[in-house]
Amino acid sequence: GERLASLVAKGQDIAIANTVGMSLRQVYSGRRLSELALDVDTLRFQSFGGELQGRDVSKEETDESLGSLEVLQNSVLKLVKESFDGVVVSSVTRGGLAWQAGVRAGDVLAATSATIGSKLWPKSTLDGVRSAISSRKVISSSMDFEFRRLTVDKVEAESVQSFELSLARPIGINVEDTDDGYVTVTGISDKASEVVADNIRIGDRVLSVESSIGGQMWDVYNTDGLTSAVTTRMPGQPVRIRFERVETIDEEAVTARLPQPESAPSSKSTMTDAVDGFRRAGRVAAASEAPAAQAQQALPGFQSAAQKMLLSRSRDLLRTFIARNEVTKNLKVADRVIEAVVDSGAALDGRTLTLILTAYNMCNNADKTIATFEDVFGLAGDGSEKEVKRVHDGRLSADIAALNTFTISGLLRAHAVRGDYESALRVLAAMEGDAAMTIGGKPTRSWSGKGDPLNMLPDTRAYNIALAAAANRGTKDGLDAAVSIFESMPNPSLSNPPLGKPAKNLVTFNTMINAYARFGHYEDALGVFKTLKESKLQPDRVTYTALIKTSIKSGNIEKALDILDDMKWASIKPDIVSYNTIIEALCNANRLFEAKDLINEMETAGLSPDSMTYGLLMKGLLRANKPGPCLTFFESACSDARTVALTENVQLYTTAISAAAALGDHERALDFVARMNQAGVRPNKKTLTALMGACISGRKYEAAAEIFSKIKNPDSHAISVGLQALCMSGNFDAAVELITDQRSGQKTLSGKQVMSGFNSLLQSALESGEYDIAREALTSLLQAGYIPSKFTFQAMAEGLNLHRDMPRTAALLKARQRS
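Residues numbered from 1 in each chain as written. Predicted model: local features only at pLDDT ≥ 70, side-chain atom pairs only at ≥ 80, totals over all residues. Heavy atoms only, no water.

Asker: Which parts of the structure should I look at to understand the overall build of the protein chain?
Answerer: If you tally the helices and strands in the protein chain, you get 35 helices and 17 strands. In the protein chain, which comprises 819 residues, the proportion classed as buried is 46%. A separation threshold of at least 6 residues defines the contact pool for the protein chain, and within that pool the share at least 24 residues apart is 64%. For the protein chain, the exposed surface amounts to about 41,600 Å²; the carbon and sulfur share of it is 51%. (Helix = DSSP H or I, 4+ residues; strand = E, 2+ residues; numbered from the N terminus. Buried < 20%, exposed > 50% of the residue type's maximum accessible area, 1.4 Å probe, protein only. Contact = heavy atoms within 4.5 Å. Areas by Shrake-Rupley, 256 points an atom, 1.4 Å probe, with all protein chains shown as cover.)

Asker: Could you clarify how one ought to interpret a nonpolar patch on the surface in this entry?
Answerer: A cluster of nonpolar residues, I116, V138 and I139, forms a patch on the protein surface that exposes about 350 Å² of accessible area. With respect to the helices and strands, the residue I139 is situated in helix α5 (residues 126–139). Given the relative accessible area of 52%, I139 is considered exposed. (Patch = residues over 30% accessible without salt bridge, like charges linked within 9 Å, V, L, I, M, F, W, Y side chains within 5 Å. Salt bridge = Lys/Arg side-chain N within 4 Å of Asp/Glu carboxyl O.)

Asker: Explain the environment of A101 to me, please; I cannot follow it from the model alone.
Answerer: Relative to the elements of secondary structure, A101 occurs in helix α4 (residues 97–101). On the basis of relative accessible area, A101 is assigned to the buried category, the value being 8%. With 81 residues separating them in the primary sequence, A101 and V20 have C-alpha atoms 9.9 Å apart.

Asker: I keep staring at the nonpolar core and nothing clicks. Help me out?
Answerer: Across soluble globular proteins, you tend to see nonpolar side chains buried next to one another. The biggest cluster of nonpolar side chains holds 152 residues, and the ones touching the most others in it are L318, I408, W447, M512 and I583. Once you skip the residues sitting within four places of it in the chain, L318 turns out to touch V333, A334, V337, T352, L355, I356 and A359. With 20 residues, the next largest nonpolar core counts L109, L126, A132 and I133 among its residues. (Core = buried A, V, L, I, M, F, W, Y, C linked by side-chain atoms within 4.5 Å.)

Asker: What exactly am I supposed to notice about the pattern of salt bridges here?
Answerer: Scanning all chains against the criterion turns up 23 salt bridges. In this structure, the salt-bridge partner of D316 is R205, at a minimum N-O distance of 3.2 Å. Here D316, found in helix α9 (residues 305–324), pairs with R205, found in strand β13 (residues 205–210); they are 111 residues apart in sequence, far enough to count as distant. Using a relative accessible area of 11% as the deciding quantity, one classes D316 as buried. Since its relative accessible area comes to 10%, R205 is described here as buried. Between E210 and R240 there is a salt bridge, and its shortest N-O distance comes to 3.9 Å.

Asker: What am I meant to see in helix α15 (residues 460–472) here?
Answerer: Three or four residues apart is the spacing at which side chains of an α-helix point the same way, because the helix has 3.6 residues per turn. A rise of 1.5 Å per residue sets the reference length of α15, with its 13 residues, at 18 Å; its end C-alpha atoms lie 18 Å apart and thus fit the reference within 8%. Here α15 lies mainly inside the structure; eleven of its 13 residues are buried. Every buried residue belonging to α15 is among T460, A462, Y463, N464, I465, A466, L467, A468, A469, A470 and A471, and all of these are buried. Residues of α15 that are buried make contact with α13 (405–418), α14 (421–431), α16 (476–488) and α17 (506–519). With its phi angle positive at about 70 degrees, G474 sits one or two positions after the end of α15. (Expected span 1.5 Å × (residues − 1).)

Asker: Help me out: how do you make sense of the packing of helix α30 (residues 716–728) against helix α32 (residues 751–767) in this one?
Answerer: A packed helix pair is summarised by two numbers, namely the angle formed by the two axes and the spacing between the axes. It is at 9 Å that the axes of α30 and α32 come closest, and there the two elements cross at 10 degrees. With respect to α32, the element α30 is oriented roughly parallel. Contacts between α30 and α32 pair S716, H717, S720, L723, Q724, C727 and M728 from the former with Q753, G757, S760, L761 and S764 from the latter. Looking at the contact of α30 with α32 residue by residue, the classes come out as four nonpolar, eight polar and no charged. (Axes fitted to C-alpha atoms, helices over the stretch in contact; angles between N-to-C directions. Parallel < 35°, antiparallel > 145°, perpendicular 65-115°, else oblique. Nonpolar A, V, L, I, M, F, W, Y, C, P; charged D, E, K, R; others polar.)

Asker: Sorry, what's going on with helix α28 (residues 685–697) here?
Answerer: Between its first and last C-alpha, α28 extends 19 Å over 13 residues, near the 18 Å set by a 1.5 Å rise per residue. Looking at the buried side of α28, the elements it contacts are α26 (650–662), α27 (666–679), α29 (701–709) and α30. Of the residues flanking the start of α28, the one acting as N-cap is N684, its side-chain oxygen 3.1 Å from the backbone nitrogen of K686. Residue R699 follows α28 closely and has a positive phi angle near 60 degrees. (Polar contact = N/O pair within 3.5 Å; in protein donor to acceptor, adjacent residues only side chain to side chain.)

Asker: It is not clear to me how the packing of aromatic side chains should be interpreted in this structure. Could you clarify?
Answerer: Any aromatic ring pair is given by two values, namely how distant the centres are and how the planes are angled relative to each other. Per the stated rule, a full pass over the model turns up ten aromatic pairs. Geometrically, the ring pair formed by F634 and Y653 is edge-to-face, given 5.3 Å between the ring centres and 75 degrees between the ring planes. Here F634, found in helix α24 (residues 627–639), pairs with Y653, found in helix α26; they are 19 residues apart in sequence, far enough to count as distant. When its relative accessible area of 4% is taken as the criterion, Y653 is described as buried. Taken together, a centroid distance of 6.4 Å and an interplanar angle of 65 degrees make the contact between Y653 and F672 edge-to-face. Linking Y653 in helix α26 with F672 in helix α27, this pair joins segments that are 19 residues apart in sequence. Ring pairs connect the aromatic residues F373, F377 and W447, which therefore count as one cluster. (Phe/Tyr/Trp six-rings, centres within 6.5 Å; stacked < 30°, edge-to-face > 60°.)

Asker: Honestly, the confidence of the model for the protein chain in this entry has me stumped. Any pointers?
Answerer: Caution applies to low-pLDDT parts of the model: their predicted coordinates are not meant to be read in detail. For the protein chain, per-residue confidence averages 79 on the pLDDT scale, and residues scoring 70 or more make up 81% of the total. Below pLDDT 50 for its whole length, residues 153–157 participates in 19 contacts with residues either more than four positions away or in separate chains. (pLDDT = per-residue confidence, 0-100.)

Asker: Please clarify how the packing of α13 against α15 should be interpreted in this entry.
Answerer: At a closest axis distance of 8 Å, the pairing of α13 and α15 adopts a crossing angle of 5 degrees. Compared by their axis directions, α13 and α15 come out roughly parallel. Contacts between α13 and α15 involve T405, F406, S409, L412, R413, H415 and A416 from the former and R461, A462, I465, A468, A469 and N472 from the latter.

Asker: Just to check I follow, could you spell out the side chain of E70 for this structure?
Answerer: Structurally, E70 is set in strand β5 (residues 69–71). Nearest to the buried, unbridged E70 among oppositely charged side chains is R94, at 4.5 Å. A polar contact of 2.9 Å, which involves the side chain of E70, links it to the backbone nitrogen of A105. (Lys, Arg positive; Asp, Glu negative; His and termini not counted.)

Asker: Help me understand the environment of I133 in this model?
Answerer: In this fold, I133 is placed in helix α5. What makes I133 buried here is its relative accessible area of 0%. Along the primary structure I133 and L43 are separated by 90 residues, whereas in three dimensions their C-alpha atoms are 8.2 Å apart.

Asker: Can you walk me through the pairing of strand β1 (residues 22–28) in this structure?
Answerer: A regular strand places its side chains so that they alternate between the two faces of the sheet. Among the seven residues in β1, six count as buried, and that is most of the element. One ladder, built from six bridges, connects β1 with strand β6 (residues 86–93); its direction is antiparallel. Paired with Q26 across the two strands is V87, which belongs to β6. Across two bridges, β1 lies against strand β3 (residues 37–39) in antiparallel orientation. By the bridge assignment for β3, S23 is matched with D39. With two bridges joining them, β1 and strand β2 (residues 32–33) adopt antiparallel strand pairing. Each bridged residue has a counterpart across the sheet, and for Y28 the counterpart in β2 is R32. (Pairing = 2+ DSSP bridges.)

Asker: I'm lost on unusual backbone geometry in this one. Help?
Answerer: Glycine aside, the phi torsion of most residues is negative, and most peptide linkages are trans. Positive phi, close to 55 degrees, is recorded for N364, a residue that is not glycine. By the element assignment, N364 lies in the loop between α11 (350–362) and α12 (366–377). Non-glycine residue D393 carries a positive phi angle of around 55 degrees. By the element assignment, D393 lies in the loop between α12 and α13. The class of D393 is exposed, set by a relative accessible area of 66%.

This is the structure we're talking about:
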């Protein structure tokens, strides 16, 4: 009997050692656990009782009883964020394959093997995990799981290494734009050189590439930029490329691989290598959790492994949200990165700081960009000698190489957003080391010796941004400054001297033509265009579109159409912006048939109209007093499967509601709002104002007044229409209060709109027999200094039902009575 028991126990031990021995549960937002757990061995869902049935449960890490369970504890679950939604290990059998590989209850399952190949795919649901295991079992006898360990005590560091290689075409690597915003190596060709095969790994990031002229290293932000830089070289001509490699340096975080059990069953019955490839993570940014006492200023050029990891993670985060172009999140992410860097004591490098400034600029938050630059370097962001206030008292700093053309370009873009060309020009002078200039009444300060001496002088990009700052000013002074900057730069030529100001490039010419376009200076823009064609540069789509805008602004649509034809003859395909620019001009000139012909031409050329194209034509039809055709055009687009997605746009729906209002069809307008809500399109202020107008046209005055009450912070047009709705619905008290607010300092309405409001109040009050209110309105009108117009007397006449054909004198009245 004892021998039999011993054999049974031994058999159980063998069975345990050759099973995964792991169950998983779903965690929902709010740290809620799923009722059922997935047994990885059987792929069956089981209740908590079934998961524990027949097993010894121990909470002690030191308990090594073979076959006992370690289960998920509340103390571990509390480490999960409230917003977390994913899969965690709910129990692990001691002695099983998962336990041997280091998996513990509470570990987060991050990814599992793909059905085919060695790639890992993220997983966040039990159904997804179950499906992945089932499909993988058909193809392979092994499967990888990737876990993250929840911990607040231990931090894994990373080694971030940068290296340069001089490579000749063909290079033999495949790259892709990854979700984290990097250009990443995804494959290496069998025919790649030994230099590539020995030094580059899949997963390495491409940071920068050597410029074709000058030998400067330019940052790489997408595969198109890398491809363009490399293909400009002749075959065999070398090009320097800088790579970055991120490696975990904590030995405990390296992949753990399970040995194949000697007595393992066949691959058809069990997954003997179920947790092969397990990786511990828990990669928390060390600096953000370090005590404040440890947050000391890093020495220039020296960063600890944890600080390097933080900067690397920060760049990943910033690149991701910049690529998504999520304005609100960009602002928050940049703020959080700065907080983490300050707490860590890390010194910002140029790449991280450039991304922070880019994030702020994408939010059009020039103030944040300038304040951050001043806080980091202690230099005035406007290039002057003024003293700056460092918000973090010097705890936010950067290494000396971070002050370079890239970070300063971020500062210049902030000035361009503001149209502050004087500050931009002072910054250029500071970069050039010129402290003897006075611009806008402020002397400049030299930044020589403050930054990277090899990458400090302003390049063409810096001058182009200053040029854009002047152009964006939108004033005569701004245009004059733009002309001065443009003329100070030499034309592109192979004989340009290596020293002095950088030469113009295509962006320079395009920016200058756009500056002239703002003012409609066609002849000046044409002169810039001719200079461009005489240089070694070739105009592109942006150049021709800018010239089209200039001719339209000058009032010459015919010339714009000629330029469009010239563009095609130059083998440059017009884009949607080029066509829409002319379509808008044709619609504004009531040349609707020509606009439609141009849309047909677009489609023939293989270019599909966008929502702006439809909006321009609809507004043109509405402006031409053709609301019926406007709605017909909209409905035809809604019924076409190819264009229905374009119509799910708040501007198009608003125009359609305005057209329904012009027809007096309030029911159709309300139907449009219902369709908007069904399509997930949220009405805005203009939509509700148009809906008010439709209700007024349909004599549904109470409904119009109710809609007005729901508009938050109405603009002047909404107030004018709302005032009309209040008057017509008989809500005179609210109407009087609204128009009184305009007189007492809340100047939302123009004088003309205030007069129109008084006229509506007078007419409605008289029609309703509210003569005291009418008298009060007229008195208020006169006391406010307004002179009654003919429309005021017309409103009073119509309110009193005095017909226009009534005799104007007593004699004429008696004559009519006698007849």
